[in-house]
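Report on the structure
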Amino acid sequence: MYEGFAEVYDHMMSDIPYDAWFHALQAYLAEHGIERGTICELGCGTGNMTERLAAAGFDMIGVDLSEDMLAAARAKAEESGADILYIQQDMRELELAGQVDVMVSVCDSMNYILEEDDMQHVFQRVYRFLRPGGYFIFDLKTVYCYRNVIGNQVFAEQDEDVSYIWENYYYEEEEINEYTLTLFRKQPEGRLYERTDEIHYQRAYSISVLEELLENSGLAVAGIFDSSMRKGPGEDSERIYMAAKKREDEDEQ
């Protein structure tokens, strides 16, 4: 997964509102007195949010399972001069050298966790490596998004260098969205295109399930928002943010 996608990820995601997400996240942290410190981003991908947070003055750690995505992220850091530590890890088995002030995960990375037990493991690892009083902020696509917006839909785009076909299948009972991605990438020499096929799975979670899993991990729910992080989600919200906090009186690990 992401072996071919990593090379064209930024091209395909050029319409993602990273700047708006960053400003909403930065504003939330500032409102809670967090303007400096160490942030660990889970599922950092090619480092789009990681770079923005580093430029805002945070010490950044980026964690992702895909080495190809991390290679793209490291190339960006080399170009920008950002001092970012990138680590290839499964977030369910997160291991850091010490605790951090904030954990974040954006662009539906958490939807890739398909089982509740695995999500519980992620939350437990977050709890372990989050300092007392620290925040964990993450987003997810919603059931509404999969059922009514992208589920059972086909999207396609064609240009000179990269073309793709993105087919979605939403399984209502399992709350799983399967999408098959067919990529055509123009090769450096000649007029030939290389085809790559990938299959991805994402799961939608109800807010009540997430609240229970967070609380079982020792994290207190601090807020639930739509993508603006200014108000609560509506029935037609395609993305939600959840903020959780580790209690101030928890012992250091």
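Here's what I pulled together on the structure shown here. Note that the coordinates shown come from a computational prediction; the quantities given were computed from them, not determined experimentally.

Rules behind the numbers
- Residues numbered from 1 in each chain as written.
- Predicted model: local features only at pLDDT ≥ 70, side-chain atom pairs only at ≥ 80, totals over all residues.
- Heavy atoms only, no water.
- Helix = DSSP H or I, 4+ residues; strand = E, 2+ residues; numbered from the N terminus.
- Buried < 20%, exposed > 50% of the residue type's maximum accessible area, 1.4 Å probe, protein only.
- Contact = heavy atoms within 4.5 Å.
- Areas by Shrake-Rupley, 256 points an atom, 1.4 Å probe, with all protein chains shown as cover.
- Lys, Arg positive; Asp, Glu negative; His and termini not counted.
- Charge placed at Lys NZ, Arg CZ, Asp CG, Glu CD.
- Axes fitted to C-alpha atoms, helices over the stretch in contact; angles between N-to-C directions.
- Parallel < 35°, antiparallel > 145°, perpendicular 65-115°, else oblique.
- Left-handed = near helix turned anticlockwise from the far one by under 90°.
- Nonpolar A, V, L, I, M, F, W, Y, C, P; charged D, E, K, R; others polar.
- Expected span 1.5 Å × (residues − 1).
- Pairing = 2+ DSSP bridges.
- Salt bridge = Lys/Arg side-chain N within 4 Å of Asp/Glu carboxyl O.
- Disulfide = S-S within 2.5 Å.
- Right-handed = clockwise from strand over helix to strand, strands pointing away.

**Comments concerning the overall build of the chain**
Of regular secondary structure, the chain possesses seven helices and eleven strands. Principal-axis analysis of the C-alpha atoms gives the chain an extent of 60 × 45 × 30 Å. The buried share among the 253 residues of the chain stands at 52%. A fraction of 63% describes how many contacts in the chain between residues 6 or more apart in sequence connect residues 24 or more apart. As presented, the chain carries roughly 12,400 Å² of accessible surface, and 44% of it is formed by carbon and sulfur atoms. Distance between charge centres in the chain, computed from 21 positive and 52 negative side chains, equals 3 Å.

**Structural notes on the packing of helix 5 (residues 116-129) against helix 7 (residues 207-216)**
Direction vectors running N to C along helix 5 and helix 7 enclose 45°, while the axes themselves pass 9 Å from each other. For the element pair helix 5 / helix 7, the angle class is oblique. Between helix 5 and helix 7 lies a crossing of right-handed hand. Across from Glu116, Met119, Gln120 and Phe123 in helix 5, the residues of helix 7 making contact are Val209, Leu210, Leu213, Leu214 and Asn216. Looking at the contact of helix 5 with helix 7 residue by residue, the classes come out as six nonpolar, two polar and one charged.

**Quick notes on helix 5**
Here helix 5 is 14 residues long and its end C-alpha atoms lie 20 Å apart, about the 20 Å a rise of 1.5 Å per residue gives. Taken together, the buried positions of helix 5 are occupied by Met119, Gln120, Val122, Phe123, Arg125, Val126, Tyr127 and Phe129. Where helix 5 is buried, its residues touch strand 1 (38-42), strand 4 (100-105), strand 5 (130-141), helix 7, strand 10 (219-225) and strand 11 (239-246).

**Concerning the pairing of strand 8 (residues 176-186)**
Most of strand 8 is tucked away, with nine of its eleven residues classed as buried. Looking at chain direction, strand 7 (residues 162-171) and strand 8 are connected through ten bridges and run antiparallel. Counterpart to Tyr171 in the pairing with strand 8 is Ile176. Hairpin remark: strand 7 followed by strand 8, antiparallel, with four residues in the connecting loop; positive phi at Glu175, about 55°.

**Quick look at the side chain of Asp64**
Take Asp64: it is sitting in strand 2 (residues 59-64). Buried charge Asp64 goes without a salt bridge, the closest partner of opposite sign being Arg74 at 9.7 Å.

**Side note on the state of the cysteines**
This model, assessed by the stated rule, comprises zero disulfides. Of all cysteine sulfurs in the structure, the one in Cys44 sits closest to Cys40, which takes part in no disulfide; the separation is 8.4 Å. Among the residues examined, Cys40 registers a relative accessible area of 0% and is labelled buried. A disulfide-free cysteine, Cys107 has its sulfur positioned 11 Å from the sulfur of Cys145, the nearest such atom.

**Observations regarding the pattern of salt bridges**
The final tally for this structure, using the stated rule, is 16 salt bridges. When the shortest N-O distance is used, the salt bridge between Asp90 and Arg92 registers 2.5 Å. Among the charged side chains, a network of salt bridges with common partners joins Asp108, Asp139, Lys141 and Arg239.

**Let's talk about unusual backbone geometry**
A positive phi angle is found at Glu175, which is not glycine, with a value near 55°. Positioned with a positive phi, Met229 is a non-glycine residue whose angle comes to about 60°. Among the structural elements, Met229 can be located in the loop between strand 10 and strand 11.

**Focus: the sheet that holds strand 2**
Spatially, seven strands are ordered 3-2-1-4-5-11-10 in an open sheet, and the strand pairing comes out mixed. The sheet terminates laterally at strand 3 (84-88) and strand 10, the two strands that pair on one side only. Between one strand and the next, the sheet's axes are offset by a mean angle of 20°, whatever the strand orientation. Of the pairings in the sheet, the one linking strand 1 to strand 2 comprises five bridges and is parallel in character.

**A closer look at the pairing of strand 4**
Of all six residues in strand 4, five are buried; the element is thus mostly enclosed. The sheet contact formed by strand 1 and strand 4 spans three bridges and is parallel. Paired with Ile39 across the bridge in strand 4 is Val102. As paired strands, strand 4 and strand 5 are joined by five bridges and run parallel to one another. Paired with Ser105 across the bridge in strand 5 is Phe138. For the crossover that starts at strand 4, traverses helix 5 and ends in the parallel strand 5, the hand is right-handed.

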